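Fold and contact review
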Amino acid sequence: MRTKPALFPRVAVTAAILAALGLWNTPLWADDDVDEAGETPQPLNDFFQSDSVFPQEQGEWQVSIGADYIKSDAGKVTTLTTGLEYGITDSLQVELEHTPYIKIKPGDADEATLDGQGNTELGLKKSWMHIGGSPNSVAVGYEHEFANGDDDVIADEDEEASDSDTVHITLARDLDTTGNTQASLQVGREMADAGDENFANLAAFHAVGRHVFTGEYNWSDEESWVTPGVYWKPAKGLDVGAAVAFGVGDTDGNRALLLRLNYEWD
């Protein structure tokens, strides 16, 4: 059974992130990056293991591809994900995510390697940016996950796979006047027939030139991670990211490599 990790890792990671963010105050965008409406692009679309507060603007699309490689005492798991987002309004977006491939290689050499298709998820996110002209923003989200993947890779041992629903709220605050540095806290709950699971994500980013450095502490009832990463913006609308994740608490010793590619247009 996995239990809640000790308080010290959370406090230490929080202090480290905020201290590091205080060292920088470099603008991300040059004057020629301002768009036709006179607005600068948002520095970040999403973190690696948690959601950001930013929505897609009205009529704006984003496609994403992700690859996760996780290694633990239980074995190795490789996951490929695809996603699509669309801004219904400047503050409301719809999301579709599908996991086309999962491969599970058990740590026990006598057990067979499993692979197959994962689940599909449909969601909505509503954001309120810079409330009352303040540096504070809020987003709420809901996702329904359809258990339409292959049972071998989506179902836990001795449990039948089922649909699930997730609700969450994200609170964010800009830490400088340029909008290049932000810290956020997300809390949520996933509900399924097999049981409910609480989760929380403490995250922050800082933009330097065309790079966005991120740090996350990801906690749930079953596992906890510290996830530093970086996104590179080689062209307008294109984000390429890589992160490493380290298990903490009861998942100490787990490691993960996370790769992301996002492209948005309108």
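1. Some words on empty space enclosed by the protein
Under the counting rule described, the total for this entry stands at one cavity of 30 Å³ or more. Volume-wise, the largest cavity comes out at about 30 Å³. Lining the largest cavity are Pro43, Leu44, Asn45, Asp46, Val212, Tyr231, Lys233, Asp239 and Asn262. A per-class count over the lining of the largest cavity returns four nonpolar, two polar and three charged.

2. Regarding the confidence of the model for the chain
When the pLDDT values of the chain are averaged, the result is 86; 84% of them are 70 or greater. The secondary structure element of the chain with the lowest average pLDDT is helix 1 (residues 7-21), at 43, and the one with the highest is strand 5 (residues 120-128), at 98. Within the model, pLDDT remains below 50 along residues 1-39, and this stretch shows 56 contacts once partners closer than five positions in the same chain are excluded.

3. Here we look at the packing of aromatic side chains
In this description, an aromatic ring pair is defined by two values, namely the gap between the centres and the angle between the planes. Under the definition given, this model contains six aromatic pairs. Seen from their ring centres, Trp61 and Tyr86 are 4.4 Å apart, and the 45° between their planes marks the pair as tilted. Placement of the pair is Trp61 in strand 1 (residues 61-72) and Tyr86 in strand 2 (residues 75-87), with a sequence separation of 25 residues. Both rings, one in Trp61 and one in Trp265, keep their centres 6.4 Å apart while their planes meet at 15°; by these two values the pair is stacked. With a gap of 204 residues between them, Trp61 in strand 1 and Trp265 in strand 13 (residues 255-265) connect regions that are remote in the sequence. We classify Trp61 as partly exposed; its relative accessible area is 33%. Looking at Trp265, the relative accessible area reads 34%, which means it is partly exposed. Through a chain of ring-to-ring contacts, three or more aromatic side chains come together here, namely Trp61, Tyr86, Tyr263 and Trp265.

Criteria and cut-off values
- Residues numbered from 1 in each chain as written.
- Predicted model: local features only at pLDDT ≥ 70, side-chain atom pairs only at ≥ 80, totals over all residues.
- Heavy atoms only, no water.
- 1 Å grid on protein atoms, 1.4 Å probe; cavity = no way out; pocket = protein on both sides within 12 Å on 5 of 7 lines; lining within 4 Å.
- Points joined across faces, edges and corners; volume = space filled by probe spheres on them.
- Nonpolar A, V, L, I, M, F, W, Y, C, P; charged D, E, K, R; others polar.
- pLDDT = per-residue confidence, 0-100.
- Helix = DSSP H or I, 4+ residues; strand = E, 2+ residues; numbered from the N terminus.
- Contact = heavy atoms within 4.5 Å.
- Phe/Tyr/Trp six-rings, centres within 6.5 Å; stacked < 30°, edge-to-face > 60°.
- Buried < 20%, exposed > 50% of the residue type's maximum accessible area, 1.4 Å probe, protein only.

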